[in-house]
Amino acid sequence: MWRVRVCLLISIFSGGALWSLAQRGYTQSEIETGAQQYAANCLRCHGPEGDNVADADIGHGKFRRASTDADLVRLIRNGIPNSTMAAMNNISEQNAQTIVAYLRSIASTAAALSALPNGNADRGKALFEGKGTCTNCHRVGANGSRVGPDLTMIGTQRRTVELHRSLVEPDVEIVPTNRTLKIVTRDGSTITGRLLNQDSFTIQLLDAKDERPKSFSRSDVREVEFLTKSPMPSYKDKLSNQELADLISYLASLKGQANP
Amino acid sequence: MIRRGVYIGVFMTCCMLLDAQVPYDRIVRSTQEPQNWLTHSGNYNSQRYSTLSQITTENVKNLELRWIFQTRSLEKFEATPLVVDGILYTVEAPNNVVALDAATGRVFWTFTYTPAEASRPCCGRVNRGLAILGDTLFMATIDARLIAVDAKSGKELWNVAVAKPESGYAMTLAPLVVKDKVIIGTAGGEYGIRGFIAGFDARTGKEAWRFYTIPGPGEPGHETWPANSDSWQHGGASVWVTGSYDPDLNLTYWGIGNPGPDRNGDERTGDNLYSCSVVALDVDTGKLKWYYQFSPHDEFDFDSTQVPVLADMEWQGAPRKTMLFANRNGFFYVLDRATGQFLLGKPFVEVNWATGFDAKGRPQRIPGMVPTEQGTLILPGNQGGTNWYNPSYSPKTGLFYVPTWANYSSLYVKAVTPYEEGKTFNGGTARATTPNGIRTALNNFAKEDEGYGAIRALDPHTGEMKWQFKMTDVTDAGILTTASNLLFSGGREGYFYALDATDGKLLWKFPVGGRVISGPMTYALNGTQYVEVAAGNSVFVFALK
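Residues numbered from 1 in each chain as written. Chains lettered and ligands numbered in written order. Predicted model: local features only at pLDDT ≥ 70, side-chain atom pairs only at ≥ 80, totals over all residues.

Draft legend 1. Inspection of the overall build of chain B at higher detail. Across its full length, chain B carries two helices and 38 strands. A compact globule built from 545 residues would reach a C-alpha radius of gyration of about 24 Å, and chain B, at 22 Å, matches this within 12%. In terms of principal-axis extent, the alpha carbons of chain B reach across some 75 × 50 × 50 Å. Taking all 545 residues of chain B together, the buried fraction comes to 56%. (Helix = DSSP H or I, 4+ residues; strand = E, 2+ residues; numbered from the N terminus. Rg over C-alpha atoms; globule rule 2.2 N^0.38 Å. Buried ≥ 20, exposed ≤ 12 C-beta atoms within 10 Å, placed from the backbone.)

As structure tokens, this is what we get:
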């Protein structure tokens, strides 16, 4: 179904590598903004890979109704009559251009996926709940821990290349909302957990030990530190290519079902 | 003795009822009646410093909530109220005026105004407050109208068009009343307006004078716009924060917004006067006395619409009438407000677009630090080192206090935006340089190196920072200082707090449960000092237990 080339993926998502993917002069800034615009305006229908809508795969660089980037901008803003593609004239021309920049960038990424075998979601589910011990931290539907990010809808939120990167290089990008905080209180207790909120006087986190939301007054805290490494281990050498493919296939299938 | 005091009190009350509430003389001498708050910034010098001192650094911990007024609006609450003899007047955004009992928060009356659908303020349907003269309140509206309302009944007295909202003109500031005139300025810089400041007859609403913030052909300064071009006609230079006034010099001072299009100056070569400047106008005629331009040919959206704070101080051994100005561009300035002479410029946050100033006070630009198609990282970022948030100067401590965004940058991306009347005219965009989503509406996941808010106390003689109070999130809150060395402010985190103005130490805080994006103020009634702040969608008023 999908294929991944590991080495290329690492370079794609590490810092300025996106620059090298810029199509037709698109900058990293434009691509990143386009990713945000896509997530806000397009993802719900088109999905993270751009291939959710039948006969309207926009994630692989080939467009039936547009040959130039200007055509794409017009399509985004004006819509397609007699189709489910409504006019998105709330998107400025500049932002529409950044969406095009993002689509061009994911197309080049998608074209590069060729190293891993086809994945099987059922086998991936078994790995997720068994050998991978993923449920020790992650939750899908009603099963698993709340300490790590909830993955119930991860298939609608992240592209397969991003899922793969998270599995093999979990430290490369930690989404700000998933940052892990370490707190040492004045009485010497150490608490780590997922940051929920913070302000000048208080900190709220989900304690990794007991999954309870806890609030601390900064005046009661001796040390506060964001962990730079993800608590998630790398599965690069823990799983075979086939197992990685199966696991990613399962994660990509998670689109909100309560208990798949 | 007591009986005579009562009689005098009754007599005074009758006089106030019979006569106009707030003649000009009272506003000029407003520092003599600190129990009231008669202008947007408290008085004409805009120091936001009160001599009320019942609340002290020792007893501030005993502040308690006295009342809350919840508005019917879900818009951002940016207004500072007026308080006149026990009545608090404020604005429910966008443009409803409310009169409240300042002791209890109960409503006397509401004046409801629905702005025209054509109104299109760039950055929120907001209002920052009112002005008063006699028995009349004045409100500038987001559909660019000036409205006079009877302060006793809440009835409309007159309502005049100032500019065309269809073209992008809007008004969000509190007017400034001086003598018999109501002075306003027009927002709309993001729509390619030609900004202006204007004085209106307070009795009739008839326009008395107008000062265009972009000079027309034949006027001095017009040469700072390209010849044979109409760029000056839609060059922005908006005015959206209330100015100040010096009665001795008879000059009113206003900060002017950025030129348009915001981030692409290719079609508007030159310094683009009087954008990003402060202007000193004769209050009777609107004629320009002097100007100082903070950011010539700006391409960073560095509006200079901050409040000009007027302070009389010793300057290098001699008394001087100065203006203190912490600018969105990241520099703190001291000017001679009689002449406009540049006295001091020093960064108060991280700045990477200029190294300093020449002898005349012109910033020395760093080559290459301009918006580009790829994006250029500029410090401070698009919201500036500070912005419209009211600063404060305390003559008691001698310090100038600035709401600050520290460690903050934007990626400035240039584009071509043709002018089209009433459409956004921005010439590009400014993008976040730190991960988006780290500050959601309610939750904050940011690290300090991704930017933070602070109150910074500056020594105006040197520009040196004496102390800072860091906040985890950034701040849009103004500052109030008092003669008892208290500093009140808040921030996006939803706290209202008091600091020791001498060292920044936190003395008291209250979780107001909504972001503070207004300037706090104080007043007194029946022997009790109150402190007011708008937060979320409500007015909160505190006093000692």
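Draft legend 2. Region of the structure containing the overall build of chain A. A tally of helices and strands in chain A yields 10 helices and seven strands. The contacts in chain A between residues at least 6 apart in sequence include a share of 62% that link residues at least 24 apart. (Contact = placed C-beta atoms within 7 Å.)

Draft legend 3. Summary view of the sheet that holds strand E37 (residues 528-535) of chain B. Residue and element names in this part refer to chain B. Read from one edge to the other, the open sheet built from four strands follows the order E2-E38-E37-E36, with strand pairing classed as antiparallel. Looking at which strands have only one partner, the edges of the open sheet turn out to be strand E2 (63-70) and strand E36 (521-525). Neighbouring strand axes in the sheet, compared pairwise and without regard to direction, differ in orientation by 30° on average. The pairing of E37 with strand E38 (residues 538-544) spans five bridges and is antiparallel. Residue pairing across strands places Ala535 opposite Ser538, the latter belonging to E38. (Pairing = 2+ DSSP bridges. Axes fitted to C-alpha atoms, helices over the stretch in contact; angles between N-to-C directions.)

Draft legend 4. Structural context of the interface of chain A and chain B. Taken residue by residue, the interface counts 16 residues in chain A and 21 residues in chain B. Elements represented by at least two residues in the side of chain A that touches chain B include exactly helix H3 (28-41) and strand E4 (190-198) of chain A. Considering every element that reaches the side of chain A that touches chain B, the biggest residue donor is E4 of chain A, with four residues. Class assignment of the residues belonging to the side of chain A that touches chain B gives a composition of five nonpolar, nine polar and two charged. (Nonpolar A, V, L, I, M, F, W, Y, C, P; charged D, E, K, R; others polar.)

Draft legend 5. Here's a closer look at the nonpolar core. Ranked by size, the top nonpolar core spans 156 residues in total, and within it Leu130, Ile132 and Val177 of chain B carry the most contacts. With six residues, the top contributor of residues to this core is strand E27 (residues 399-406) of chain B. When sequence neighbours within four positions are dropped, the list of residues in contact with Val177 of chain B reads Ile27, Ala131, Ile132, Leu133, Phe138, Val182 and Ala202 of chain B. In terms of nonpolar packing, the next biggest core, distinct from the first, is built from 19 residues, Leu116, Ile154, Leu244 and Leu247 of chain A among them. (Core = buried A, V, L, I, M, F, W, Y, C linked by C-beta atoms within 7 Å.)

Draft legend 6. Summary view of helix H7 (residues 121-129) of chain A. Residues and elements named next belong to chain A. Along H7, the residues that are buried comprise Ala121, Gly124, Lys125, Leu127 and Phe128. Buried residues along H7 cover an arc of 160° about the axis, so they all sit on one side. Buried residues along H7 sit in contact with helix H10 (241-253). (Arc of directions from axis to C-beta.)

Draft legend 7. Spotlight on the packing of helix H9 (residues 160-168) of chain A against H10 of chain A. Residues and elements named next belong to chain A. Relative orientation of the contacting elements H9 and H10 amounts to 125°, with a least axis distance of 10 Å. By the angle between their axes, H9 is oblique relative to H10. Helix-helix and strand crossings are classified by hand; for H9 and H10 the assignment is right-handed. Of H10, the residues touching H9 (which contributes Thr160, Leu163, His164 and Leu167) are Leu244, Leu247, Ile248, Leu251 and Ala252. Class assignment for the residues of the contact of H9 with H10 results in seven nonpolar, two polar and no charged. (Parallel < 35°, antiparallel > 145°, perpendicular 65-115°, else oblique. Left-handed = near helix turned anticlockwise from the far one by under 90°.)

Draft legend 8. Main features of the confidence of the model for chain A. Taken over all residues, the pLDDT of chain A has a mean of 82, while the share at 70 or more is 86%. For residues 1-23 of chain A, every residue scores under 50 in pLDDT, and the model assigns this stretch 48 contacts once sequence neighbours within four places are set aside. (pLDDT = per-residue confidence, 0-100.)

Draft legend 9. A look at the packing of H7 of chain A against H10 of chain A. Residues and elements named next belong to chain A. Between H7 and H10, the least distance of the axes is 7 Å, while the angle of their chain directions is 95°. Put simply, H7 runs roughly perpendicular to H10. Residues Ala121, Arg123, Gly124, Lys125, Leu127 and Phe128 of H7 form the contact with H10, whose participating residues are Glu243, Asp246, Leu247, Ser249, Tyr250 and Ser253. Tallied by class, residues from the contact of H7 with H10 come to five nonpolar, three polar and four charged.

Draft legend 10. How the structure looks around the pairing of strand E6 (residues 107-111) of chain B. Residue and element names in this part refer to chain B. Across four bridges, the pairing between strand E5 (residues 96-101) and E6 is antiparallel. Bridge pairing in E6 places Val98 opposite Thr110. With antiparallel pairing between neighbouring strands as the criterion, E5 and E6 make up a hairpin whose turn holds five residues, including Gly105 at a positive phi of roughly 80°.

Draft legend 11. Region of the structure containing the environment of Val73 of chain A. Positionally, Val73 of chain A belongs in helix H5 (residues 69-78). Each residue touching Val73 of chain A, except ones within four places of it in the same chain, is listed here: Glu93, Ala96, Gln97 and Val100 of chain A.

Draft legend 12. Molecular detail of the sheet that holds strand E21 (residues 331-336) of chain B. All names here are of chain B. As summarised here, the arrangement of the four strands in space is E19-E20-E21-E22, forming an open sheet in which the pairing is antiparallel. The open sheet has two edge strands, strand E19 (309-315) and strand E22 (342-347), and neither has a second partner. Mean inter-strand twist for the sheet, computed between neighbouring axes without regard to direction, equals 30°. Pairing geometry for E19 and strand E20 (residues 318-326), over seven bridges, is antiparallel. Residue pairing across strands places Leu310 opposite Met323, the latter belonging to E20.

Draft legend 13. Main features of H9 of chain A. For H9 of chain A, the buried fraction is high: eight of the nine residues fall into the buried class. When H9 of chain A is considered as a whole, its buried residues turn out to be Thr160, Val161, Glu162, Leu163, His164, Arg165, Ser166 and Leu167 of chain A.

Draft legend 14. Fine view of unusual backbone geometry. All names here are of chain B. With an omega dihedral of 5°, the bond running from Ala93 to Pro94 counts as a cis peptide bond. By the secondary structure assignment, Pro94 is in the loop between strand E4 (87-92) and E5. Note the cis peptide between Leu379 and Pro380, where omega equals -10°. Mapped onto the elements, Pro380 comes out in the loop between strand E25 (376-378) and strand E26 (392-394).

Draft legend 15. Geometry of the environment of Gln37 of chain A. Residue and element names in this part refer to chain A. Mapped onto the elements, Gln37 comes out in helix H3. Sequence spacing of Gln37 and Ile99 is 62 residues, and the spatial spacing of their C-alpha atoms is 6.3 Å. Ignoring sequence-local partners within four residues, the contact set of Gln37 consists of Ile91, Asn95, Thr98 and Ile99.

Draft legend 16. Structural detail: the pairing of E4 of chain B. Residue and element names in this part refer to chain B. Burial analysis of E4 places five of its six residues in the buried class, the great majority of the element. Pairing of strand E3 (residues 82-84) with E4, which is carried by three bridges, proceeds in the antiparallel orientation. Looking at E4, one finds that Val83 is bridged to Leu88. Following E3, the chain reverses through two residues before pairing antiparallel with E4; Asp85 in that reversal takes a positive phi of roughly 50°. Here E4 pairs with E5 via six bridges, running antiparallel. Paired with Thr90 across the strands is Val98, a residue of E5. Adjacent in sequence and paired antiparallel, E4 and E5 are bridged by three residues.

Draft legend 17. Spatial organisation of the environment of Ala148 of chain B. Residue and element names in this part refer to chain B. On the secondary structure map, Ala148 appears in strand E9 (residues 145-150). Overall, the presence of 24 C-beta atoms within 10 Å leaves Ala148 in the buried class. In this structure, the C-alpha to C-alpha distance between Ala148 and Leu137, residues 11 residues apart in sequence, is 5.6 Å. With sequence-adjacent residues up to four places away left out, Ala148 is seen in contact with Thr136, Phe138, Leu157, Trp158 and Gly205.

Draft legend 18. Examining the confidence of the model for chain B more closely. All names here are of chain B. On average, chain B scores 94 in pLDDT, and the residues at 70 or more come to 95%. Note on residues 1-18: pLDDT under 50 across the span, and two contacts to partners over four residues away in sequence or across chains. Taken together, the chains of this predicted complex give a pTM of 0.86 and an interface ipTM of 0.80.

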